[in-house]
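What follows is each chain in one-letter form.
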Amino acid sequence: TKYENILTDLKKNETYLKEINARLKRESNEYLNNSLVEIEKKENIFREIVKKFYDNHGGSLKLKETENAKYLYDIKIEIPKDDSQGVNGVKIFCYDVLLYKLNKNLLNFMAHDGCLFSGMDPRQESIIFKIILELIKQNNDFQYFINLNQNTLNEIIDENNTIISSEDKKYLQNSIILELLDKNPENWLLGESFN
């Protein structure tokens, strides 16, 4: 009898959860249908950011109902040639810039790890900094934090780099807050070794 009561309760719970799931799916579909214009505006902003990297070939950003139960929606982001590591870094950067542009009052800064530049073409690295410098000029209180390897920085501020102006290269050099080296612990981030 106890087993049958537990089984009955489980079936009731399962039915209740299925009803909730069906309601959530219906509401999420309604939201997507009612938000098509707003979602398209966000995709257009994303495409404009991507076009700066790929000679006016924009990517796409789509909000789709999820196929699994982990989230209500999946964000599908595509950029032409996005099977390379460098292009995936550009994809992350473009999405982060989109989030900033949509939430300037909430997010007054952006931060990236230097691994964003792993496998990236020097031209794309320079375009990232060109976009960041434009954001800084447009929004005086905007801050961008990144840790870079010296070779990446050298490529960006190289005198033969025509993507970034010499004035902006000087601005970047003057914006270096901390230089870290791997030789001695005093040149590491926290200034000592933690074994």
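Residues numbered from 1 in each chain as written. Predicted model: local features only at pLDDT ≥ 70, side-chain atom pairs only at ≥ 80, totals over all residues. Heavy atoms only, no water.

Thoughts on the overall build of the protein chain
Selection rule: Elements are defined by DSSP. Helices are runs of H or I of four residues or more, strands are runs of E of two residues or more, and each kind is numbered from the N terminus. In this treatment the radius of gyration is a C-alpha quantity, and the globule benchmark scales as 2.2 Å times the residue count to the 0.38 power. Partly exposed residues are those whose accessible area sits between 20% and 50% of the maximum for their type, while under 20% is buried and over 50% is exposed, using a 1.4 Å probe and protein chains only. By definition in these notes, contact holds between two residues if any of their heavy atoms fall within 4.5 Å. The Shrake-Rupley method, run with a 1.4 Å probe, gives the accessible areas here. Residue values count only the displayed protein chains as cover. Under the convention used here, Asp and Glu are negative, Lys and Arg are positive, and both His and the chain ends fall outside the count. All charge positions are set by atom: Lys at NZ, Arg at CZ, Asp at CG, Glu at CD.
When helices and strands are counted, the protein chain shows six helices and four strands. For the protein chain, the C-alpha radius of gyration of 23 Å lies well beyond 16 Å, the compact-globule estimate for 195 residues. Projected onto its principal axes, the C-alpha coordinates of the protein chain cover approximately 80 × 50 × 35 Å. With 195 residues in all, the protein chain has 28% of them scored as buried. In the protein chain, the share of contacts with a sequence separation of at least 24, taken over all contacts with a separation of at least 6, comes to 54%. Entry remark: accessible area of the protein chain is about 13,900 Å², with carbon and sulfur atoms responsible for 50%. The positive charge centre, built from 26 side chains, and the negative charge centre, built from 32, are 7 Å apart in the protein chain.

Here we look at the packing of aromatic side chains
Short version of the rule: Here a pair means two rings of Phe, Tyr or Trp (six-membered ring of Trp) with centres within 6.5 Å. Their orientation is stacked below 30 degrees between planes, edge-to-face above 60, and tilted elsewhere.
Counted under the stated rule, the structure contains seven aromatic pairs. A ring pair is formed by Phe53 and Tyr54, whose centres lie 6.2 Å apart and whose planes are at 40°; its orientation type is tilted. You can call Phe53 buried: its relative accessible area is 1%. Since its relative accessible area comes to 9%, Tyr54 is described here as buried. The interplanar angle of 85° and the centroid separation of 6.3 Å between the aromatic rings of Phe129 and Tyr144 together place this pair among those described as edge-to-face. Taken together, the positions of Phe129 in helix α4 (residues 122–138) and Tyr144 in strand β4 (residues 143–146) put the pair 15 residues apart, joining distant regions of the chain. Phe129 gets classed as buried once you look at its relative accessible area, which sits at 6%. Following the ring pairs from residue to residue traces out a cluster consisting of Phe53, Tyr54 and Phe93.

Considering the nonpolar core
Note the threshold: What is meant by a nonpolar core is a set of buried Ala, Val, Leu, Ile, Met, Phe, Trp, Tyr and Cys residues, joined one to another through side-chain atoms within 4.5 Å.
The biggest cluster of nonpolar side chains holds 34 residues, and the ones touching the most others in it are Phe53, Phe93, Ile128 and Ile132. Only α2 (36–51), α3 (85–102), α4 and α5 (150–157) provide two or more residues apiece to this core. If one sorts the elements of this core by residue count, α4 sits on top with eight residues.

Observations regarding α2
Worth spelling out the cut-off: A helix is expected to reach a length of 1.5 Å times the quantity of its residues less one. Note: the arc covers the axis-to-C-beta directions of the helix.
Its 16 residues place the ends of α2 22 Å apart at the C-alpha level, agreeing with the 22 Å of an ideal helix rising 1.5 Å per residue. Turning to α2, its buried residues are Ile39, Glu43, Phe46, Ile49 and Val50. Buried residues in α2, looked at end-on, bunch into an arc of 115°, giving them a common side. Packed against the buried residues of α2 are α1 (2–34), β1 (60–65), β2 (73–78), α3 and α4.

Things to note about the state of the cysteines
Basically, it comes down to this: Disulfide assignment relies on a single distance test, namely cysteine sulfur atoms paired within 2.5 Å.
Per the counting criterion, the structure on display carries zero disulfides. With no disulfide partner, Cys94 has as its closest neighbouring cysteine sulfur the one in Cys115, 16 Å distant. Residue Cys94 is classed as buried on the basis of its relative accessible area, which comes to 0%. According to the relative accessible area criterion, Cys115 is exposed, its value standing at 54%.

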